[in-house]
Amino acid sequence: MEWTNELTKRLGIMFPIVQAPMFGVTTPEMVTAASSVNCLGSLSLGDLDAEQCITTIRNTRKLSNKPFAVNIFTHSIPPITDTLRKKYQKTKVFLERISLQHDLDVIFPDIDELNISSYHQQIDAIISEGCKILSFTFGNLDSESIQRLKKHEVLLIGTCTSVKEAIILEKSGIDIICVQGIEAGGHRGTFASTKIPQIGGLSLLAQVSDAVNTPLIYAGGIYNAKTLLATKTLGADGFQVGSLLIASKESALKAFEKDRLKQIDEEDIVLTKSFSGRFAQGIKNLFIETLDSTEYILPYPYQNKLTGVLRKAAKMQENPNFASIWTGQSIHKFSEDSTGNILTELITATETF
Ligand SMILES: Cc1cc2nc3c(=O)[nH]c(=O)nc-3n(C[C@H](O)[C@H](O)[C@H](O)COP(=O)(O)O)c2cc1C
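Going by what an unreviewed UniProt entry lists, the protein is known as Propionate 3-nitronate monooxygenase and is assigned to Pseudopedobacter beijingensis. UniProt's Cofactor (unreviewed entry) comment on the protein is quoted here verbatim: "FMN". Taken from UniProt, the Sequence similarities (unreviewed entry) comment for the protein reads in full: "Belongs to the nitronate monooxygenase family. NMO class I subfamily."

Next comes the structure, spelled out in structure tokens:
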């Protein structure tokens, strides 16, 4: 197995395997562990403000001087209209009621108390900290940001969930495209459609590979040598693994969440908008079942911010019925070994397949 390719050269790594950015799961320790076995670690900055981004980047740098990617959410923010305000209030009242019913002590914020900022402030922080690899999801960067980042020699990795999105990313000069199949855990990166492209990795990766010339990283369902090599055959230059690492030693998940993962059944894995207002894949629970068929789902990021306090309380109380546990479609043993060992095992198994 020859690992060296365009991607390893551009990213300055030995193995084109990417530890997926996973907000709420990824830690500086996980990123460092991935980088220390010569893969690419990715630090998710999610919706952190600029100051928090700087602290997290510096904390990661204290642990290692190897290259790693930072990751942000590049979505647009719907304005607060009277209609949204009313819907927010109704959803808040509904969530207050179910929290009380289930003994969760939560104070939900009013819409005017939400701290919602655009990704541009994160870009300022990323540039000022001298980060050289930026991956992003939920949208494309605006052209001004692309030019600014390129001027500072930042390598850009955009996420697509359809051929249409891959072409948009390529046309706007994005250096590397992360192709996210429907198998992937966590949020869908969809941005060019209001509907959710439910395209499986097999179909999507092969079609994107035919449609663009940009190097491709594939994300979604890779959990062993077989799945990694299948995506290589379909056109992937790089291989992004998320769910494979979610229960690892360096994961921010708590023991009760790791235990829940180990009891997972195929039918437990669902795509839902209930926690954040965007589709994400994870383990079905009482919260999802209660919300999914109701009108109490606000657009992202409002739903995400509103349910954030509930998820935090559920995590504190170790209550899997209200915590969001994201995972993909490939069920595996959810190893609690170190990220470094899990990745090394994947590399060795691929080399000897
Ligand atoms: C818990 C979790 C959190 C995630 N958070 C992010 C994120 O912050 N940014 C991002 O670009 N992708 C995120 N993703 C998606 C991953 O980058 C990747 O597409 C996915 O994990 C690949 O599929 P797999 O889980 O089957 O390996 C997340 C995935 C999971 C499982």
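A few words on the packing of helix H7 (residues 163-171) against helix H8 (residues 201-211). At a minimum axis separation of 9 Å, H7 and H8 run at an interaxial angle of 35°. In this structure, the crossing between H7 and H8 has a hand that is right-handed. Along its contact with H7, which presents Val163, Ala166, Ile167 and Glu170, the element H8 presents Leu204, Gln207, Val208 and Ala211. Per-class residue counts for the contact of H7 with H8 are 6 nonpolar, 1 polar and 1 charged.

The side-chain alternation of strand E2 (residues 41-44) yields two buried faces, one formed by Gly41 and Leu43 and the other by Ser42 and Ser44. The sheet contact formed by E2 and strand E3 (residues 68-73) spans 4 bridges and is parallel. The partner of Ser42 across the bridge, within E3, is Ala69. Between the parallel pair E2 and E3, the chain is carried across by helix H3 (residues 50-63), and the sense of this crossover is right-handed.

Let us now look at the site of the ligand. Lining the immediate environment of the ligand, one finds 22 residues, of which Ser44, Asn71, Gly221, Gly242 and Ser243 sit closest. With respect to the ligand, the side chain of Gln180 contributes an N or O atom lying 3.2 Å from an oxygen atom. Here an oxygen atom of the ligand sits 3.2 Å away from a polar atom, N or O, in the main chain of Gly185. Look at the ligand: alone it shows 600 Å² of surface, and the protein chains cover 95% of it. The set of elements that each furnish at least two residues to the shell around the ligand consists of E3 and strand E9 (238-241). Partitioned by chemical class, the residues of the shell around the ligand number 10 nonpolar, 11 polar and 1 charged.

What follows covers the side chain of Arg260. Along the chain, the position of Arg260 falls in helix H10 (residues 255-262). Leave out the neighbours within four places in its chain, and Arg260 touches Asp268, Ile283, Lys284 and Ile325.

Attention now moves to the pattern of salt bridges. A full pass over the atoms with the stated rule returns 13 salt bridges. With a closest N to O distance of 2.9 Å, Asp47 and Lys305 form a salt bridge. Placement of Asp47 in the loop between E2 and H3 and of Lys305 in helix H12 (residues 302-316) is noted, with a sequence separation of 258 residues between them. Across the salt bridge formed by Asp268 and Arg260, the nearest N and O atoms sit 3.2 Å from each other. No difference in accessibility class separates Asp268 from Arg260, as the two residues are buried. When salt bridges that share partners are traced, they join Lys92, Glu96 and Asp110 into one network.

Moving on, we get to the packing of aromatic side chains. The full count for this structure, using the stated rule, is 8 aromatic pairs. With a centroid separation of 4.1 Å and an interplanar angle of 15°, the aromatic rings of Phe94 and Tyr296 are classed as stacked. One end of the pair, Phe94, is in helix H4 (residues 82-101); the other, Tyr296, is in the loop between helix H11 (286-291) and H12, and 202 residues separate them in sequence. With respect to burial, Phe94 and Tyr296 carry one shared label: buried. Relative to Phe322, the ring of Phe287 lies with its centre 6.2 Å away and its plane at 65°, an arrangement referred to as edge-to-face. You can see Phe287 sitting in helix H11 and its partner Phe322 sitting in the loop between H12 and helix H13 (339-351), a full 35 residues away along the chain. Exposure class is identical for Phe287 and Phe322. Each is buried.

This part takes up the sheet that holds strand E4 (residues 133-137). Pairing within the open sheet is parallel, and its 8 strands lie in the order E1-E9-E8-E6-E5-E4-E3-E2. Here the strands that pair on one side only, and so sit at the sheet edges, are strand E1 (17-19) and E2. Shown here is a sheet whose adjacent strand axes are inclined to one another by a mean of 25°, direction ignored. Direction of pairing for strand E5 (residues 155-160) relative to strand E6 (residues 176-180): parallel, over a ladder of 4 bridges. When the bridges of E6 are listed, Ile157 appears paired with Ile176.

Procedures and definitions
- Throughout, residues of each chain are indexed from 1 in the direction in which the sequence is written.
- This being a predicted model, a pLDDT of at least 70 is required before a residue's local features are given, and a value of 80 or more before pairs of side-chain atoms are given or counted; all residues contribute to the totals for chains, interfaces and linings.
- Processing note: side-chain calculations cover all non-hydrogen atoms of the structure and skip hydrogens and water entirely.
- UniProt positions are given in the numbering used here, feature names are shortened, and annotations may be inferred rather than shown by experiment.
- Fitting a line to C-alpha atoms yields each axis, with helices limited to the stretch in contact; the angle taken between N-to-C directions then spans 0 to 180 degrees.
- Going along the chain from the N terminus, every DSSP run of H or I of four or more residues is numbered as a helix, and every run of E of two or more is numbered as a strand.
- Note on convention: the crossing is left-handed when the near helix lies turned anticlockwise from the far helix by less than a right angle, right-handed when the turn is clockwise.
- Here, two residues are considered to be in contact whenever any of their heavy atoms come within 4.5 Å of each other.
- Note on residue classes: Ala, Val, Leu, Ile, Met, Phe, Trp, Tyr, Cys and Pro are nonpolar, Asp, Glu, Lys and Arg are charged, and everything else, Gly too, is polar.
- Burial status follows relative accessibility: with a 1.4 Å probe on protein chains alone, a residue under 20% of its type maximum counts as buried, one over 50% as exposed, and anything between as partly exposed.
- If DSSP finds at least two bridges between two strands, the strands pair.
- Note on handedness: a clockwise path from strand one over the helix to strand two, with the strands aimed away from the viewer, defines a right-handed crossover.
- By convention in these notes, a residue is near a molecule or strand provided one of its non-hydrogen atoms lies within 4 Å of it.
- Counted as a polar contact is a pair of N or O atoms within 3.5 Å, where, for protein atoms, one must be capable of donating a hydrogen and the other of accepting one, and residues adjacent in sequence contribute only when both atoms are in side chains.
- All accessible areas in this document rest on Shrake-Rupley with a 1.4 Å probe, and a residue is counted as covered only by the protein chains that are shown.
- The salt bridge criterion pairs a side-chain nitrogen of Lys or Arg with a carboxyl oxygen of Asp or Glu, the two atoms within 4 Å.
- Centres within 6.5 Å are what make two rings of Phe, Tyr or Trp a pair, Trp counting through its six-membered ring; a difference in plane orientation under 30 degrees is then read as stacked, over 60 as edge-to-face, and the rest as tilted.

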